[in-house]
Amino acid sequence: MTKHKKYNAIITGLGMYFPDKVLDNAYFEKIVDTTDEWIRTRTGIVERRMLENGATSDLATKAAEDLLRSKNLSPEEIDVIIVATVTPDMFFPATACLVQENIGAKNAWGFDYSAACSGFLFAYHTGCALIESGRAKKVLVIGADKMTAITDYKNRNNCILFGDGAAVVLLEPTEDLNYGLQDSILRVDGSGREALYMKGGGSLYPSTHKTVDNNMHVIYQDGKAVFKVAVKGMADVSYEIMQKNNLNPEDIAYLVPHQANLRIIDATAERMGISKDKVMINIQKYGNTTAATIPSCLVEYYREGKIKKGDKIILSAFGAGYTWGASYLVWAID
Ligand code: COA
């Protein structure tokens, strides 16, 4: 804990949105050479969701509206909107601006955060820093991705993995430093940039007929390479944050891992020495929704009454970049 801090940031509200359309494993059996059994055993995924009309800002807006409704909070009270996403509606303006207008948060500023599957974790840490510094009192941290917009449905190696969704937390200050974000370890390593990326459409390869013909506007992933570094990266950093904060496995109420592959999640829990009932999982329902996985787990488990005040929780993620890290927080609301 930083000694000079006056405030900690606590999560005081939650919301989420997943579109209705379900893509189950049987759907993929029809469009690529795969089986329900292969997908379940190699990834843990059974279904994912697809937004048929609209964009990432629509997912994010609906999640934010769910939070505002459930908190009975006026949008005018929001100071900052951070949207973690790799599928912004467009390069600019930022998705945060679109969400601001949609929800009527007329006193807010905001920005988008690009850290792929670690997006929510990095954005959460950043939002907490704004609260801790006293520069903001109410920060919305949204993880939202329309992954189906950049998924190649001819590539069986990764089309089965991704889905659409959004989830959000509200951060507010507390003077009781025993609650809220206690510590984070965050890392980036650009040497992983060609193992998981979208090749075209940026300033390196602006969109042309050639980039379209070369299929450069979809997710490219070297699954095997990413799997290896993700297992090590997520397990190591989750273990490291436990050690750094003198936490034993029995102290931890929940691990909230990024939901990319159940085998990566299992390896992380095993390294931390925590049992499976302490691991939040919703990958079977939604697949990999990139920035939305961690907050959507928090929303679902909270709404099911499974998280209680004082619970010690570790968030942990790994994603494109590479980006990875872990945060340790103490849950502050009943
Ligand atoms: N259905 C059936 N077979 C498939 C398949 C599918 N959907 N996708 C791949 N295969 C095949 C491969 O072609 C390969 O066949 P081969 O041995 O004849 O070449 C075989 O299954 C094994 O492929 P491999 O890539 O080794 O599988 P895997 O066990 O590594 O699982 C992933 C593939 C993509 C599920 C896994 O590598 C993964 O989860 N990677 C990391 C994902 C991730 O964490 N992303 C980043 C964080 S966001």
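Residues numbered from 1 in each chain as written. Predicted model: local features only at pLDDT ≥ 70, side-chain atom pairs only at ≥ 80, totals over all residues. Heavy atoms only, no water.

1. Thoughts on the overall build of the protein
Consideration 1: Tallying secondary structure elements over the protein gives 10 helices and 13 strands in all.
Consideration 2: With respect to the principal axes defined by its C-alpha atoms, the protein has extents near 55 × 45 × 35 Å.
Consideration 3: Buried positions account for 55% of the 334 residues belonging to the protein.
Consideration 4: Counted over contacts in the protein with a minimum sequence separation of 6, partners at least 24 positions apart contribute 77%.
Consideration 5: With an accessible surface of roughly 14700 Å², the protein has 49% of that area assigned to carbon and sulfur atoms.
Consideration 6: Taken as two groups, the 37 positive and 40 negative side-chain charges of the protein have centres that lie 3 Å from each other. (Helix = DSSP H or I, 4+ residues; strand = E, 2+ residues; numbered from the N terminus. Buried < 20%, exposed > 50% of the residue type's maximum accessible area, 1.4 Å probe, protein only. Contact = heavy atoms within 4.5 Å. Areas by Shrake-Rupley, 256 points an atom, 1.4 Å probe, with all protein chains shown as cover. Lys, Arg positive; Asp, Glu negative; His and termini not counted. Charge placed at Lys NZ, Arg CZ, Asp CG, Glu CD.)

2. Focus on the pairing of strand E7 (residues 164-174)
Consideration 1: Of all the 11 residues making up E7, 10 are buried; the element is thus mostly covered by neighbouring parts of the structure.
Consideration 2: Relative to E7, strand E1 (residues 8-17) runs antiparallel, the two being bridged by 9 bridges. Within E7, the position partnered with Gly-15 by the bridge is Val-168.
Consideration 3: Note: strand E6 (residues 139-146) against E7, 8 bridges, orientation antiparallel. When the bridges of E7 are listed, Lys-146 appears paired with Asp-164. (Pairing = 2+ DSSP bridges.)

3. A few points about the side chain of His-258
Consideration 1: Within the secondary structure, His-258 sits in the loop between strand E11 (254-257) and helix H8 (262-272).
Consideration 2: Reaching out from His-258, the side chain makes a polar contact with the side chain of Asn-288 at a distance of 3.4 Å.
Consideration 3: In this view, His-258 contacts Cys-117, Met-234, Ile-265, Asn-288, Thr-290, Thr-293, Ile-294, Ser-316, Ala-317 and Phe-318; residues no more than four positions away in its chain are not counted. (Polar contact = N/O pair within 3.5 Å; in protein donor to acceptor, adjacent residues only side chain to side chain.)

4. Concerning the site of the ligand
Consideration 1: Residues in contact with the ligand amount to 21 residues; listed here are only the nearest, Thr-34, Arg-42, Cys-117, Lys-224 and Asn-261.
Consideration 2: At 2.8 Å, a side-chain N or O of Gln-221 approaches a nitrogen atom of the ligand.
Consideration 3: Summarising the interface, the protein chains cover 76% of the accessible area of the ligand, which totals 950 Å² for the free molecule.
Consideration 4: At 4 residues, helix H7 (residues 223-244) tops the list of elements feeding residues into the shell around the ligand.
Consideration 5: The residue makeup of the shell around the ligand, split by class, is 8 nonpolar, 8 polar and 5 charged. (Near = heavy atom within 4 Å. Nonpolar A, V, L, I, M, F, W, Y, C, P; charged D, E, K, R; others polar.)

5. Let's talk about the sheet that holds E6
Consideration 1: Spatially, 5 strands are ordered E1-E7-E6-E4-E5 in an open sheet, and the strand pairing comes out mixed. Each of the sheet's edge strands pairs with one partner strand only, and the pair in question is E1 and strand E5 (109-113). Within the sheet, the average angular offset between the axes of one strand and its neighbour, ignoring direction, is 20°.
Consideration 2: Relative to strand E4 (residues 80-84), helix H4 (residues 95-103) is tilted by about 130°, and along the sheet it contacts E4, E5 and E6.
Consideration 3: Across the sheet, helix H10 (residues 293-303) touches E1 and E7, and the angle it forms with E1 is around 90°. (Axes fitted to C-alpha atoms, helices over the stretch in contact; angles between N-to-C directions.)

6. Examining the sheet that holds E11
Consideration 1: In spatial order, the strands read E8-E13-E12-E11; together these 4 strands make up an open sheet with mixed pairing. Because the sheet does not close on itself, it has two edges, and the strands there are strand E8 (180-188) and E11. Averaged over all adjacent pairs, the angle separating strand axes in this sheet is 15°, with direction ignored.
Consideration 2: The strands touched by helix H5 (residues 119-132) are E8, strand E12 (312-319) and strand E13 (323-330); relative to E8, the strand with the most contacts, the crossing angle is about 130°.

7. Quick word on H7
Consideration 1: For H7, spanning 22 residues, the distance from its first C-alpha to its last is 31 Å, which sits close to the expected 32 Å at 1.5 Å a residue.
Consideration 2: Just downstream of H7, Asn-246 is the residue with a positive phi angle, here 55°. (Expected span 1.5 Å × (residues − 1).)

8. A look at the packing of helix H3 (residues 56-71) against H4
A packed helix pair is summarised by two numbers, namely the angle formed by the two axes and the spacing between the axes.
Consideration 1: Between H3 and H4, whose axes approach to 9 Å, the crossing angle comes to 45°. In terms of their interaxial angle, H3 and H4 are classed as oblique. The crossing of H3 and H4 is right-handed. Taken together, the residues of H4 that come into contact with H3 (itself represented by Thr-56, Ser-57, Ala-60, Thr-61, Ala-64, Glu-65 and Leu-68) are Thr-95, Leu-98, Val-99, Asn-102 and Ile-103.
Consideration 2: Residue composition of the contact of H3 with H4, by class: 6 nonpolar, 5 polar and 1 charged. (Parallel < 35°, antiparallel > 145°, perpendicular 65-115°, else oblique. Left-handed = near helix turned anticlockwise from the far one by under 90°.)

9. What about the domain arrangement of the protein?
It is common to report an interface's size as the accessible area lost on association of the parts.
Consideration 1: Under the domain assignment used here, the protein contains domain 1 (8-174) and domain 2 (180-330).
Consideration 2: Facing the 50 residues of domain 1 at the interface are 49 residues of domain 2.
Consideration 3: Across the domain 1 to domain 2 interface the summed buried area is about 3900 Å²; carbon plus sulfur atoms make up 64%.
Consideration 4: Among the residues domain 1 hides against domain 2, the three largest losses belong to Leu-14, Cys-117 and Leu-121. Together they make up 17% of the total.
Consideration 5: The closest approach of N and O atoms between Asp-66 and Arg-303, which form a salt bridge, is 2.9 Å. (Domains from an automatic or database assignment. Buried area = accessible area lost by both parts, 1.4 Å probe. Salt bridge = Lys/Arg side-chain N within 4 Å of Asp/Glu carboxyl O.)

10. Here's the deal with the packing of H7 against H8
Consideration 1: Relative to each other, H7 and H8 sit at 30°, their axes nearing to 9 Å. Considering their axes alone, H7 and H8 lie roughly parallel with respect to each other. Where H7 crosses over H8, the handedness of that crossing is right-handed. Residues Phe-227, Ala-230, Val-231, Met-234, Ala-235, Asp-236, Ser-238, Tyr-239 and Met-242 of H7 form the contact with H8, whose own contacting residues are Arg-263, Ile-264, Ala-267, Thr-268, Arg-271 and Met-272.
Consideration 2: Partitioned by chemical class, the residues of the contact of H7 with H8 number 10 nonpolar, 2 polar and 3 charged.

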